[in-house]
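Inside the fold
Here is what each chain is made of, one letter per residue.
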Amino acid sequence: MSSSLADPWRKLSWGENQTALKFVKSYKPENITHLRVLLHGPVGSGKSSFISSVSSVLRGRIAIPALASSTTSDRSFTVKYQTHKIKAGRGSSASYYSVIFNDIMGLEDGNNSGIHHNDIKLAMKGHVKEGHKFNPVAPLSSQDHGYNPKPTADDEVHVLVCVLSANSSEIKQSVLQKMSSVRQMASEMGIPQMAIVTKIDEACPETEKDLRNVYKSKHLRKKMSEFSSAIGIPMNCIFPVKNYSHEISMNPHADTLILSALEKMITFGDDFIENHKS
Ligand SMILES: Nc1nc2c(ncn2[C@@H]2O[C@H](COP(=O)(O)OP(=O)(O)O)[C@@H](O)[C@H]2O)c(=O)[nH]1
Ligand SMILES: [Mg+2]
């Protein structure tokens with residue numbers, strides 16, 4: 001039996017990125033400064049790489065991966081709440097794009113690692129101050145210095161993105177359960193959710209050879225559908241991506257996948273911003 005479908009189950013205009021790029025670059029939310037995307041997922045799932053990759057796509061060249069902090073072997077680093085912005089232009093005319101990112105790793109096994117459930121909720125509501133160091137055993141309380149008592153719409157999270165690796169047959173059921181419960185918290189707050197599935201190159205040799213095979217791969221489709229039922233995100237809100245990890249030059253097909261996910265983040269986040277205007 002062949003491992004690939006004759007026809008892709010989702011159609012993309014591979015390498016034709018101008019329209020999407022223009023959309024992302026020119027996007028401005030109404031009445032607020034930026035649209036905040038919160039990425040969550042296990043250590044090593046590719047959150048930092050995705051943010052760097054977005055930066056590379058928007059700037060048209062490989063970004064210095066200054067953001068890649070965590071490695072799978074380093075699970076004990078302090079976890080700071082940090083906003084990542086992407087610079088548009090250079091020198092004195094430099095500004096930032098209106099889509100900004102935070103990433104949190106809240107989903108490790110065991111009690112003493114990861115971020116407390118309630119802290120993730122507070123982050124989504126905008127109560128966590130920039131630079132706050134999460135403490136897994138002492139969740140943030142309203143008396144703490146890191147607590148922002150009066151968050152504005154700019155501090156809030158506008159779209160929640162689950163980040164999972166396609167190459168992780170070993171993602172534990174307990175991790176998926178935690179992701180599912182974070183997603184449910186977001187649902188209760190009306191925050192839209194979606195997922196990206198990273199490392200599609202590692203998970204599928206055909207896709208590694210040519211990224212355009214991604215929606216023909218039976219293996220990846222199965223993987224995405226498993227994630228979909230495990231965390232409760234519909235298939236049409238799950239996007240496979242290949243992050244820039246080891247390459248030294250840009251790949252227009254990788255950009256197409258990244259932009260396709262990014263466009264969805266913006267339209268979802270913008271809907272939320274629209275619906276919650278005060
Ligand atoms: N081959 C491949 N490697 C990736 C991809 N995304 C991330 N990586 C690698 O996976 C490792 C962990 O990624 P990182 O972004 O630090 O994960 P984080 O802990 O979620 O921030 C790094 O070595 C990345 O280079 C991908 O799409 N393909
Ligand atoms: Mg990271």
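Note that the coordinates shown come from a computational prediction; the quantities given were computed from them, not determined experimentally.

Concerning the state of the cysteines
Scanning the entire structure with this criterion turns up zero disulfides. The cysteine Cys162 is free of any disulfide, with Cys237 supplying the nearest cysteine sulfur at 11 Å.

Re helix α8 (residues 252–275)
For α8, which comprises 24 residues, the first-to-last C-alpha distance of 34 Å matches the rise-based estimate of 34 Å (1.5 Å per residue) to within 8%. Structurally, the start of α8 carries an N-cap: the backbone nitrogen of His253 is 2.8 Å from a side-chain oxygen of Asn251.

Looking at the environment of Asn213
Note on placement: Asn213 falls in the loop between α6 (205–209) and α7 (218–231). The spacing of Asn213 and His117 is 96 residues in sequence and 37 Å in space, taken between C-alpha atoms. Residues within four places of Asn213 in sequence aside, it is in contact with Glu206 and Thr207.

Quick look at the environment of Asn167
Considering the arrangement of structural elements, one finds Asn167 in the loop between β8 (159–165) and α4 (173–188). A relative accessible area of 36% places Asn167 in the partly exposed class. For the pair Asn167 and Lys125, spaced 42 residues apart in sequence, the C-alpha to C-alpha distance is 32 Å. Not counting residues up to four positions away in its chain, the partners in contact with Asn167 are Thr198, Lys199, Glu202 and Ala203. Side-chain polar atoms of Asn167 contact the side chain of Glu202, separated by 2.8 Å.

Let's talk about the sheet that holds strand β6 (residues 99–104)
Across a sheet, strands are paired by hydrogen bonds formed along the backbone, either parallel or antiparallel in direction. Strands sit in the order β3-β6-β1-β8-β9-β10 across an open sheet of six strands; the sheet is mixed. Two strands lie at the open edges of the sheet, namely β3 (83–84) and β10 (238–240), each paired on one side alone. As paired strands, β8 and strand β9 (residues 193–198) are joined by six bridges and run parallel to one another. Of the residues in β9, the one forming a bridge with Ser165 is Thr198. Across the sheet, α7 lies against β8, β9 and β10, angled at about 130 degrees from β8, the strand it touches most.

Here's the deal with the nonpolar core
Grouped together as the largest cluster of nonpolar side chains are 59 residues, with contacts concentrated most on Val37, Phe50, Phe101, Val161, Ile196 and Met265. Apart from the residues within four sequence positions on either side, Val37 is in contact with Val99, Ile100, Phe101, Asn102, Val159, Val161 and Met265. Counting 23 residues, the second largest nonpolar core, distinct from the first, contains Leu38, Val128, Phe134 and Val157.

Conventions and cut-offs
- Residues numbered from 1 in each chain as written.
- Chains lettered and ligands numbered in written order.
- Predicted model: local features only at pLDDT ≥ 70, side-chain atom pairs only at ≥ 80, totals over all residues.
- Heavy atoms only, no water.
- Disulfide = S-S within 2.5 Å.
- Helix = DSSP H or I, 4+ residues; strand = E, 2+ residues; numbered from the N terminus.
- Expected span 1.5 Å × (residues − 1).
- Polar contact = N/O pair within 3.5 Å; in protein donor to acceptor, adjacent residues only side chain to side chain.
- Contact = heavy atoms within 4.5 Å.
- Buried < 20%, exposed > 50% of the residue type's maximum accessible area, 1.4 Å probe, protein only.
- Pairing = 2+ DSSP bridges.
- Axes fitted to C-alpha atoms, helices over the stretch in contact; angles between N-to-C directions.
- Core = buried A, V, L, I, M, F, W, Y, C linked by side-chain atoms within 4.5 Å.

This is a description of form; function is not addressed.
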